[in-house]
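Structural description and commentary
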Amino acid sequence: YAPPVTIKMVDEGSTIQAYERRLLAKEGCASIAQATLSTTQRLTDENWWQEVRHVVFSASVTYAPGDVAVLVPRNAPRHVQAVLRALQKNDRTISLQTPVTSSLVNGTVEDVLSTCLDLATPLPQRSLGILALFVVGEDDTSKEQRQKLKELATVQGGPLYRDYVRSERRGVADVLVDFDRCAPSLEALLDACPRLRPRHYSIASCSTDTIELCVARALLETPLGRKVYGLCSSWLCDLREGTLLIGVRRGEFSPIEQDPLVFVGPGTGVAPARAFARSQPRNDMLLFFGCRHESKDRLYADEFAGLSKLEVDVSVSRHTDASQRRYVTKALRARATDVAHWILDRNARFYIAGNAKMAADVALAL
């Protein structure tokens, strides 16, 4: 086995910021700014099952309502430590501060593990075959782990791979914990791991000195009951200080000029609606917002109540009063005459932000 990337443990200066800038530029970012975390505030009730935060970064950057922030996230520290422990079985001298130089990036082992490699995304099947080459020992446990990794990497092992990796969302950090006799080199790890890709968030503000995001900590429960948290959303929700690069690219919404706006934005889909509602000059806007509880996850309720030219129609899908339960699609149908008046008589734009299924349901309601 000859890894495609050669790594030297020497310090030739850090290129990690240049690496991040290249990633952001490839995402179509028109501008890239140094940003510093200013504030982070939980928007949902402390007793609510989902954490949604309003995260504010100080940054000198120009953008328009509807534009998108692009960030390179960081892996969870527990994943970084799990992978580091596996690397140290191969080389006891390696640490997070160990300098590395390669064609991918120059920096430290921490830079590679935190910023360059995706330690959480489900591993490709071929990667398990690479890890099998680095199982150490000839006792029964080592032989079993080596054979199992080889099997997972084969066509015949496809069903097992789907059950163990895809369905259970196991990344390299999880695999290295389960297969604790595996001691890969850093070069092999670079070959086996997918690269960490930038994430996109609709900007929830309209400013020249801040970038504000509405972030929900993503949570998935697997068929076996494992709780898997979103990599980037968890990183942003856990962030309490620090400086990072943020790119800005055009979103899917066209500038509204002086036109009124009808906006459907349930959940965190309200982020671009907030940007439009706070823009100047402020246009008339009818916002259809959806949440699950009448108070615990009604995002920006107090703020929206104080904005002029904004009307908010709230749908609550899990209202404590069952007779009050509805989705935004039902609200649209109930106000069909008003919506038609806004669009046909007032020449209002109609924008939707949220998941694809909701958008399809809204299109059917129209």
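This section reports on the structure supplied with the text. Because the structure is a prediction, the values reported are computed rather than measured.

**Some words on unusual backbone geometry**
Residue Pro 281 is reached from Gln 280 by a cis peptide bond, and omega for that bond is -5°. Position of Pro 281 among the secondary structure elements: in the loop between helix H10 (270–277) and strand S12 (285–291). Although it is not a glycine, Arg 169 sits at a positive phi angle of roughly 55°. With relative accessibility at 32%, the residue Arg 169 sits in the partly exposed group. For Tyr 300, which is not glycine, the phi dihedral falls at a positive 60°. Relative to the helices and strands, Tyr 300 is located in the loop between S12 and helix H11 (301–305).

**Concerning the side chain of Asp 67**
On the secondary structure map, Asp 67 appears in the loop between strand S2 (52–58) and strand S3 (68–71). On the accessibility criterion, Asp 67 (7% relative accessible area) is buried. Among the polar contacts listed, one links the side chain of Asp 67 to the backbone nitrogen of Ala 64, at a separation of 2.9 Å. Asp 67 has contacts with Ser 202, Ile 203, Val 248, Arg 249, Arg 250 and Gly 251, leaving out every residue within four places of it along the chain.

**Side note on the packing of helix H2 (residues 77–90) against helix H3 (residues 109–116)**
Packing of H2 against H3 leaves a shortest axis separation of 10 Å and a crossing angle of 135°. Relative to H3, H2 is oriented oblique. By crossing handedness, the relation of H2 to H3 is classed as right-handed. Contact residues: H2 offers Val 80, Val 83, Leu 84 and Leu 87, while H3 offers Val 109, Leu 113 and Ser 114.

**Regarding the layout of surface pockets**
When its volume is computed, the largest pocket comes out at roughly 1100 Å³. Those elements giving two or more residues to the lining of the largest pocket turn out to be strand S6 (199–202), strand S7 (210–216), H10, S12, helix H12 (328–334) and helix H14 (356–365). By volume, the second largest pocket is sized at about 890 Å³. If you go around the second largest pocket, you meet 41 residues; those closest to its centre are Arg 74, Asn 75, Ala 76, Leu 231 and Trp 235. Tallying contributions element by element places H2 first for the lining of the second largest pocket, with 5 residues.

Basis of the calculations
Throughout this document, residue positions are counted from 1 along each chain, in the order its sequence is written. Confidence filtering applies because this is a predicted model: local features only for residues at pLDDT of at least 70, side-chain atom pairs given and counted only at 80 or more, and all residues used for totals across whole chains, interfaces and linings. For side-chain calculations, the full set of non-hydrogen atoms in the structure is used, while hydrogens and water are omitted. Only DSSP runs of H or I covering at least 4 residues are called helices, and only runs of E covering at least 2 are called strands; the numbering of each starts at the N terminus. Here's how the labels work: a residue is buried when its accessible area is under 20% of the maximum for its type, exposed when over 50%, partly exposed in between, all with a 1.4 Å probe on protein chains only. Side-chain atoms alone can form a polar contact between residues adjacent in sequence; in general such a contact is a pair of N or O atoms within 3.5 Å, and within protein one must be able to donate a hydrogen while the other accepts it. Note on contacts: a residue pair is in contact if any heavy atoms of the two residues lie within 4.5 Å. Axes here refer to lines fitted to C-alpha atoms; in helices the fit is confined to the stretch in contact. Angles between the N-to-C directions go from 0 to 180 degrees. Angles are sorted into four bins: roughly parallel if under 35 degrees, roughly antiparallel if over 145, roughly perpendicular if 65 to 115, and oblique for all others. Crossings are assigned a handedness: left-handed for a near helix turned anticlockwise from the far helix by less than a right angle, right-handed for a clockwise turn. The pocket and cavity definitions rest on a 1 Å grid over protein atoms only: a 1.4 Å probe that fits but cannot leave marks a cavity, an open set with protein on both sides within 12 Å along at least five of seven lines marks a pocket, and residues lining either have an atom within 4 Å of a point. Grid points are joined across faces, edges and corners, and a volume is the space filled by probe spheres set on the points.

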